Amino acid sequence: MGLRMTDKQQNLVTPDDEHNRKLVDNVHPRDWVNPAPASRYHLVVIGAGTAGLVSAAGAAGLGAKVALIERQLMGGDCLNVGCVPSKGIIAAARAWHAARQAHDFGGPVTSDPGNFGAAMTRMRRIRADISPHDSAARFRDLGIDVFIGAGCFTGSNQIEVDGKQLSFRRAVIATGARASTPMIPGLENVTYLTNETIFTLTKLPSRLGIIGAGPIGSEMSQAFARLGSCVSLFEMTGHVLPREDPDAAEIVQKSMEADGIDLQLATNVIRVEQDGTKISVHFERLGEIYVQTFDQLLVTVGRAPNTENLGLEAAGIECGPEGVTINDRLQTTNSKVFACGDVASAHKFTHVADAQARIVIKNALFFGRSHSSELVVPWCTHTSPEIAHVGLYEQDALDLGYKVDTLTVPFSEVDRALLEGEEDGFLRVHLKKGSDRILGATMVATHAGDMIGELCLAITARVGLAKIAATIHPYPTQAEVIKKAADKWRRTKLTPTVKQLFEFWFRIFS
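In short, a report on the structure. (Residues numbered from 1 in each chain as written. Predicted model: local features only at pLDDT ≥ 70, side-chain atom pairs only at ≥ 80, totals over all residues. Heavy atoms only, no water.)

**Digging into a nonpolar patch on the surface**
A contiguous nonpolar surface patch, about 590 Å² in accessible area, is contributed by Leu 494, Phe 502, Trp 505, Phe 506 and Phe 509. Looking at the element boundaries, Leu 494 is found in the loop between α16 (480-491) and α17 (496-509). (Patch = residues over 30% accessible without salt bridge, like charges linked within 9 Å, V, L, I, M, F, W, Y side chains within 5 Å. Areas by Shrake-Rupley, 256 points an atom, 1.4 Å probe, with all protein chains shown as cover. Salt bridge = Lys/Arg side-chain N within 4 Å of Asp/Glu carboxyl O. Helix = DSSP H or I, 4+ residues; strand = E, 2+ residues; numbered from the N terminus.)

**What to know about the side chain of Arg 127**
Along the chain, Arg 127 falls in helix α6 (residues 116-130). For Arg 127, which is buried and forms no salt bridge, the nearest opposite charge comes from Asp 17, at a distance of 6.9 Å. A polar contact of 2.9 Å, which involves the side chain of Arg 127, links it to the side chain of Asn 20. For Arg 127, the contacting residues outside a window of four places in its chain are Asn 20, Leu 23, Leu 79, Asn 80, Val 84 and Pro 85. (Buried < 20%, exposed > 50% of the residue type's maximum accessible area, 1.4 Å probe, protein only. Lys, Arg positive; Asp, Glu negative; His and termini not counted. Polar contact = N/O pair within 3.5 Å; in protein donor to acceptor, adjacent residues only side chain to side chain. Contact = heavy atoms within 4.5 Å.)

**Some words on the packing of aromatic side chains**
Taken as a whole, this structure holds seven aromatic pairs when the rule is applied. Taken together, a centroid distance of 6.1 Å and an interplanar angle of 80 degrees make the contact between Phe 153 and Phe 168 edge-to-face. Of this pair, Phe 153 sits in strand β4 (residues 152-155) while Phe 168 sits in strand β6 (residues 164-173), and the two are 15 residues apart along the sequence. With respect to burial, Phe 153 and Phe 168 carry one shared label: buried. When the centroid spacing of 5.8 Å and the interplanar angle of 20 degrees are considered together, the rings of Phe 349 and Trp 379 count as stacked. Here Trp 379 lies in strand β19 (residues 378-381) and Phe 349 lies in the loop between β18 (337-339) and α10 (350-365), a separation of 30 residues in the sequence. In this structure Trp 379 comes out as buried when scored by relative accessible area, which is 9%. Each residue in the set Phe 234, Phe 283, Tyr 290 and Phe 294 is aromatic and connected to the rest through ring pairs, giving one cluster. Note that Arg 138 overlies the ring of Phe 139, its terminal NZ or CZ placed 5.1 Å from the centroid. Over the ring of Trp 379 we find Arg 243, and its NZ or CZ is 5.0 Å from the ring centre. (Phe/Tyr/Trp six-rings, centres within 6.5 Å; stacked < 30°, edge-to-face > 60°. Lys NZ or Arg CZ within 6 Å of the ring centre and 35° of its normal.)

**So, the pattern of salt bridges**
What the rule picks out here adds up to 19 salt bridges. Here Glu 250 ties to Lys 254 by a salt bridge, and the two come within 3.6 Å at their closest N and O atoms. One end of the pair is Glu 250 and the other is Lys 254, both in helix α9 (residues 246-258) and four residues apart, which spans about a single turn. The partner of Arg 271 in a salt bridge is Glu 273, with the nearest N and O atoms 3.0 Å apart. On the accessibility criterion, Glu 273 (37% relative accessible area) is partly exposed. A cluster of three or more residues bridged by salt bridges with shared partners is formed by Asp 245, Asp 247 and Arg 428.

**Here we look at the environment of Arg 178**
Tracing the backbone shows Arg 178 in strand β7 (residues 177-179). On the basis of relative accessible area, Arg 178 is assigned to the partly exposed category, the value being 25%. Note: C-alpha distance between Arg 178 and Thr 194 (16 residues apart in sequence) is 9.3 Å. Discounting chain neighbours no more than four positions away, the residues touching Arg 178 are Glu 196, Gly 302, Arg 303, Ala 304, Pro 305, Asn 306 and Glu 308. Within polar-contact distance, the side chain of Arg 178 engages the backbone oxygen of Pro 305 at 3.1 Å.

**A closer look at helix α2 (residues 18-27)**
Here α2 has its buried residues at His 19, Asn 20, Leu 23, Val 24, Asn 26 and Val 27. When α2 is viewed along its axis, its buried side chains cluster within an angular range of 165 degrees and face the same direction. Among the structural elements, α4 (76-80), α6 and α7 (136-141) are those in contact with the buried residues of α2. (Arc of directions from axis to C-beta.)

**What to know about α9**
Because each turn of an α-helix spans 3.6 residues, side chains separated by three or four positions end up pointing in the same direction. Between the first and last C-alpha of α9 there are 18 Å, a value that for 13 residues agrees with the 18 Å anticipated at 1.5 Å per step. Among all positions in α9, only Ala 248, Ala 249, Ile 251, Val 252, Gln 253, Ser 255 and Met 256 are buried. For α9, the elements touching its buried residues are α8 (215-227), β9 (230-235), β10 (262-265), β20 (386-391), β22 (426-432) and β23 (438-445). Looking one or two residues past α9, Gly 260 carries a phi angle of roughly 90 degrees, positive in sign. (Expected span 1.5 Å × (residues − 1).)

**Some words on the packing of helix α5 (residues 83-100) against α8**
Running from amino to carboxyl end, α5 crosses α8 at an angle of 45 degrees, the nearest separation of the two axes being 8 Å. In terms of axis orientation, α5 runs oblique to α8. The interaxial crossing formed by α5 with α8 has left-handed handedness. Contact residues: α5 offers Ser 86, Lys 87, Ile 89, Ile 90, Ala 92, Ala 93, Arg 94, Trp 96, His 97 and Arg 100, while α8 offers Glu 219, Met 220, Ala 223, Phe 224, Arg 226 and Leu 227. In terms of residue class, the contact of α5 with α8 is built from nine nonpolar, two polar and five charged. (Axes fitted to C-alpha atoms, helices over the stretch in contact; angles between N-to-C directions. Parallel < 35°, antiparallel > 145°, perpendicular 65-115°, else oblique. Left-handed = near helix turned anticlockwise from the far one by under 90°. Nonpolar A, V, L, I, M, F, W, Y, C, P; charged D, E, K, R; others polar.)

So this is what it looks like as structure tokens:
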């Protein structure tokens, strides 16, 4: 018997065009028939986002009997309402911006406003083209029993879905997270956007208000400003991206201001109201009350774990406001059940969900002792320029008892960055004092997310700057900034004593 999609699921895949129909056919097929359950599974996975898909596919590939349960859209946030659609829109915004900047390089002057609908159609087409990788049919063909429906624990080793009981030796909770709702008076009466609904737009908002200048708010404010919206961004702290180093955030902030974004920083949104199609934001700054009116309002303030209606109590699984309670091996308070990804992790990134799922496979099925705390976690905010980070910030290192040496190389010293007009930014590397051991790094650059990988590898493999300095990097590239940092560290080894020894040597050698 086919399954009817819920109203929320229908909302996630509007507009009803050929691309979204293709998406739904792959990740929530309307005619899907759930299989008859096996007598017992080695692993039952609830949630088919990144963490769930990697857990299921990895276990099945090793020969385990696996069931995978998903009540909404397979692929989770990343495919449907997160990484994939957001980066599609950011790519369009960057292309439009580059066209307008062509005259700086002697190119033509462009004043065409562009076609927002075409940009969104392109995003939907590419998302649909990617979706077979996360499809129900693909995972069925991997030998996994795929159940479309809501999974709920009915005991310590049993889950019910679609009226059927699934018994398991081990289970994984990978139900992800959703946009949280801040306590702003009037918000419950306003039709506002979140990351789950902004990608359904087909018409560019003339005026767009955004509450929250974290990664999603900053990325979307810049993208929509470049696509032609008049954007106001509201943030309680004094600068955008408050988790990042202030001077790194300042570079992004200046870029956002250059894109025409109205930054309302150090403000407190006191209430919101809706009159017809217009939404008013009332906010306070320095004791004064102001009001701005918008066509659309995007709220990007935090994430809430999806722990409701899972029957956790029946399985003896504890959870709290931050998600399912886990130990360092990703085991819940029920030793047979593990949790990974956004529902349990402090780092809510697709690549962390993937890495944690691999830990779960080892620990749940093979008596492994891998620990989540051993992961070296990078992240990137895809503004222009991007901010990428890996490892420890300086204060984190100091708090852990390290003494720190810090090296900073501005991109204005990198020839390729100058040639491409992308000299705003820097690489900052924190070292264990007196050594070349990398504790952490922050990079601000147009393609920081693509370049930070070398430093992720270095920290993970405990490769110090000495070996990086001895590694040939191609010229001219922006990634050469890492070699420049290594050379800068090497020059610190030329102490006065060492210089005197060299001077003595060359007097003899002459």
